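Letter by letter, the chains look like this.
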Amino acid sequence: MNHDASMSVVDGREILWAAHSERYSKVKNDHFLNWKIVNEAMTYGPFDKVVYYERPWLKKTRQFYAGQFGTALSYTEMPQWHLDHFGIKIDQYVKHHDSHAAAGYFTSPFKEEGATILTVDAIGEWETVSISTADKVWIDRKETINYPHSVGILYSAFTHRCGLKPAEEEYILMGMAAYGKPIYKDDIYEDFVHQAPFKMKKNLHKGLSDWHPEADVMDIAASIQAVIEEILADLFLRASKYGSKNLVYAGGVALNCAANRTLANLGLFDNIWIIPNPGDSGSSLGCIAASEKIHLNWKSPFLGHNIEGEYPVDAIIKELTENKMVGVANGRAEFGPRALGNRSLLADPRGEDIKDLVNGIKHRQKFRPFAPAILEEDVHNYFDLPTGVKSTPYMQYTAAYTHGKDCPAILHHDGTSRVQTVSKTDNEGFYELLTAWKKATGCPILLNTSLNIKGMPMVNDTKDGKLWTSKYGVKVL
Ligand SMILES: [Fe+2]
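Residues numbered from 1 in each chain as written. Predicted model: local features only at pLDDT ≥ 70, side-chain atom pairs only at ≥ 80, totals over all residues. Heavy atoms only, no water.

What follows concerns the overall build of the protein. In terms of regular secondary structure, the protein is built from 17 helices and 21 strands. Relative to the globule expectation of 23 Å for 477 residues, the C-alpha radius of gyration of the protein, 22 Å, shows essentially globular dimensions. Each principal axis of the C-alpha distribution contributes one length, and for the protein these read about 60 × 55 × 45 Å. Across the 477 residues that make up the protein, the buried fraction comes to 58%. (Helix = DSSP H or I, 4+ residues; strand = E, 2+ residues; numbered from the N terminus. Rg over C-alpha atoms; globule rule 2.2 N^0.38 Å. Buried < 20%, exposed > 50% of the residue type's maximum accessible area, 1.4 Å probe, protein only.)

Written as structure tokens, this is what we have:
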């Protein structure tokens with residue numbers, strides 16, 4: 001139960017299944033579980049132990065502090081009350097930021113060497129930032145920042161100020177930042193934030209109403225993006241002082257791929273691991289890992305509902321060649337917010353008309369760029385990846401495009417793209433598709449955006465795929 005509810009099923013070190021509630025209920029960012037997702041989880045059951053990603057009573061103390069008395073006193077806010085409907089009994093509650101930290105560390109490649117863990121989000125029970133050191137299976141908390149001092153709440157307040165939906169449309173604010181100038185940066189520090197050490201001058205949980213009503217929202221977006229990148233840079237510096245060359249970075253703020261580029265370019269760590277689902281929905285996996293204190297056998301984010309069948313490489317190439325665009329719903333659904341090839345709308349990235357063609361289908365704001373998927377072996381010929389980043393299979397960094405103007409549909413206003421590298425081990429079918437596409441056209445890139453109807457979650461099953469085709473007239477294979 002959160003703003004993007006999820007479930008995960010783990011057996012020993014093996015992640016059997018993990019999925020978002022929204023993909024089953026069709027309610028975007030669904031707060032609650034539903035029978036469809038519970039029934040699918042139960043196909044792997046019965047459950048030996050059920051773990052929840054937050055401590056509800058501790059959260060209530062913060063809600064009292066924040067004056068949210070109605071929420072704090074409501075029994076319907078108790079997770080067990082919701083799970084009673086499904087006959088599920090919670091055995092253990094793990095602290096919110098411990099769940100984030102464990103989701104990151106116990107899926108990371110740092111099992112032997114250990115790591116420093118940084119978690120940053122809007123809010124847990126009280127915690128908004130944590131820094132821990134990790135060695136083998138032990139995580140040792142070193143630093144904590146508590147509510148109301150929150151990088152996530154700060155960013156969400158500005159998301160609201162720019163006319164967007166807070167706790168949901170932060171990624172749109174990030175996209176807007178490229179169109180503005182950070183001319184309000186000093187004003188943000190003056191009015192709201194102390195940068196280092198990070199501290200809020202005002203509690204922005206309830207937003208900042210009509211701050212600078214005369215301003216162009218693009219300039220506000222650029223300003224808050226610049227501010228949070230500076231705050232995060234300071235947190236990275238604090239984390240680096242614990243000496244590890246490996247960083248695990250988790251929490252919803254780790255989805256800010258433009259900031260991630262700036263942070264990687266600081267060069268403070270040799271290796272950075274961000275789980276593809278670093279926000280709260282990834283914590284269903286994290287709370288199990290935190291409870292079991294066990295390194296999970298991480299293979300890929302393709303952990304959700306399965307659509308049987310071979311990856312339809314030839315049929316996709318045919319559609320792309322004839323119609324420039326095609327949907328694919330094949331294999332297991334992505335666990336995380338990005339479509340990475342199994343629930344994707346794919347298009348030929350070349351040519352001036354493609355962006356409008358795809359936007360015509362998805363009705364997105366015109367300023368928003370589309371992401372490219374590229375063969376991993378070709379990425380350095382097309383993109384300048386951030387320092388130390390050798391691949392980005394989960395679309396976690398923006399990178400400068402260095403191959404002229406041949407793929408305008410995947411270029412953002414500032415000349416960057418949120419790039420996805422694809423190797424055979426990441427996703428064999430998608431890799432074969434990109435290889436065949438390159439063979440056919442000479443171009444190793446496809447435009448890759450999520451296969452969803454506007455305002456709806458991504459396509460999950462075959463029925464959703466058929467609905468998509470009938471609504472938009474674009475084939476889903
Ligand atoms: Fe969180």
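The iron ion binds to the protein through His96 (NE2), His100 (NE2), Asp121 (OD) and Asp280 (OD); the donor distances cover 2.1 to 2.2 Å. Considering all four donor atoms around the iron ion, angles at the metal cover 89 to 168° and the coordination shape is irregular. Of note, the donors binding the iron ion are all from one chain and are spaced H-x3-H-x20-D-x158-D. Note that His100 is positioned in helix 6 (residues 96–105) and Asp280 in the loop between strand 11 (271–273) and helix 12 (283–292), a separation of 180 residues in sequence. Judged by its relative accessible area of 12%, Asp280 is buried. (Donors = N, O, S within 2.8 Å, 3.2 Å for Na, K, Ca; no water. Tetrahedral: all angles 85-135°; square planar, octahedral: opposite > 155°, others 65-115°.)

Put simply, helix 13 (residues 313–323) and helix 16 (residues 428–441) touch, their axes get as near as 9 Å, and they point 45° apart. Relative to helix 16, the element helix 13 is oriented oblique. Helix 13 and helix 16 meet at a crossing whose hand is right-handed. In contact with Val313, Ile316, Ile317 and Leu320 of helix 13, helix 16 contributes Gly429, Glu432, Leu433, Ala436 and Trp437. Residues of the contact of helix 13 with helix 16, tallied by class, amount to seven nonpolar, one polar and one charged. (Axes fitted to C-alpha atoms, helices over the stretch in contact; angles between N-to-C directions. Parallel < 35°, antiparallel > 145°, perpendicular 65-115°, else oblique. Left-handed = near helix turned anticlockwise from the far one by under 90°. Contact = heavy atoms within 4.5 Å. Nonpolar A, V, L, I, M, F, W, Y, C, P; charged D, E, K, R; others polar.)

Looking now at the sheet that holds strand 5 (residues 115–120). The five strands are arranged 7-6-5-10-11 in an open sheet whose pairing can be described as mixed. Unpaired on one side and paired on the other, strand 7 (138–146) and strand 11 mark the two borders of the sheet. Between one strand axis and the next, the sheet turns through 20° on average, direction left out of account. Note: strand 5 against strand 10 (residues 246–250), four bridges, orientation parallel. Each bridged residue has a counterpart across the sheet, and for Ile117 the counterpart in strand 10 is Val248. In the packing of helix 10 (residues 217–240) onto the sheet, the strands contacted are strand 5, strand 6 (127–135), strand 7, strand 10 and strand 11, and the crossing angle to strand 5 comes to about 150°. (Pairing = 2+ DSSP bridges.)

Below, the discussion takes up the side chain of Thr119. Tracing the backbone shows Thr119 in strand 5. Classification of Thr119 as buried rests on a relative accessible area of 0%. There is a polar contact of 2.7 Å between the side chain of Thr119 and the side chain of His97. Within polar-contact distance, the side chain of Thr119 engages the side chain of Ser130 at 2.4 Å. (Polar contact = N/O pair within 3.5 Å; in protein donor to acceptor, adjacent residues only side chain to side chain.)

What follows covers the environment of Glu352. Of note, Glu352 is situated in the loop between strand 15 (343–347) and helix 14 (354–362). Its relative accessible area of 67% is what places Glu352 among the exposed residues.

When you line up the elements, Asp48 lands in the loop between helix 2 (35–42) and strand 3 (51–52). In this structure, the C-alpha to C-alpha distance between Asp48 and Ile172, residues 124 residues apart in sequence, is 40 Å.

Among the residues making up helix 14, those that are buried are Ile354, Lys355, Val358, Asn359, Ile361 and Lys362. On an axial view of helix 14, the arc spanned by its buried residues comes to 155°, and they lie on one face. Against the buried residues of helix 14 lie strand 13 (325–329), strand 15, strand 21 (445–450) and helix 17 (462–472). Phi turns positive, to about 50°, at His363, one or two residues after helix 14. (Arc of directions from axis to C-beta.)

This brings us to the side chain of Glu54. Examined against the element boundaries, Glu54 turns out to sit in the loop between strand 3 and helix 3 (56–65). Within the local environment of Glu54, its side chain forms a polar contact with the side chain of Lys59, the two groups lying 3.0 Å apart.

Before going further, it helps to examine the environment of Leu345. Relative to the assigned elements, Leu345 resides in strand 15. Taking C-alpha positions, Leu345 is 36 Å from Leu235, a pair spaced 110 residues apart along the chain.

Where nonpolar side chains cluster on the molecular surface, the patch consists of Trp35, Met42 and Phe47 and spans about 280 Å² of accessible area. Residue position: Met42 is located in helix 2. Look at Met42 and you get partly exposed, because its relative accessible area is 33%. (Patch = residues over 30% accessible without salt bridge, like charges linked within 9 Å, V, L, I, M, F, W, Y side chains within 5 Å. Areas by Shrake-Rupley, 256 points an atom, 1.4 Å probe, with all protein chains shown as cover. Salt bridge = Lys/Arg side-chain N within 4 Å of Asp/Glu carboxyl O.)

Attention now moves to the nonpolar core. Grouped together as the largest cluster of nonpolar side chains are 56 residues, with contacts concentrated most on Leu154, Phe158, Leu232 and Tyr249. Excluding its chain neighbours within four sequence positions, the residues that come into contact with Leu232 are Val120, Val151, Tyr249, Val253, Ala259 and Leu263. Membership of the second largest hydrophobic core comes to 48 residues, among which are Ile317, Met325, Cys443 and Val474. (Core = buried A, V, L, I, M, F, W, Y, C linked by side-chain atoms within 4.5 Å.)

So, about the pattern of salt bridges. The final tally for this structure, using the stated rule, is 18 salt bridges. The salt bridge involving Glu54 is made with Lys59; its shortest N-O contact spans 3.0 Å. Overall, the relative accessible area of 21% leaves Lys59 in the partly exposed class. For the salt bridge of Glu322 with Lys318, the shortest nitrogen-to-oxygen distance reads 3.7 Å. Remark: Lys318 and Glu322 occur in helix 13; sequence separation between them is four residues, near one turn of the helix.

Across all of its chains, the model carries 21 aromatic pairs by this definition. Measuring from ring centre to ring centre gives 5.9 Å for Phe158 and Phe192, while their planes differ by 80°; the resulting arrangement is edge-to-face. In this pair, Phe158 is assigned in helix 7 (residues 151–161) and Phe192 in the loop between helix 9 (185–191) and strand 8 (193–194), connecting sequence segments 34 residues apart. When its relative accessible area of 0% is taken as the criterion, Phe158 is described as buried. Given the relative accessible area of 3%, Phe192 is considered buried. The rings of Phe158, Tyr184, Phe192 and Trp211 are connected pair by pair, giving a single aromatic cluster. (Phe/Tyr/Trp six-rings, centres within 6.5 Å; stacked < 30°, edge-to-face > 60°.)

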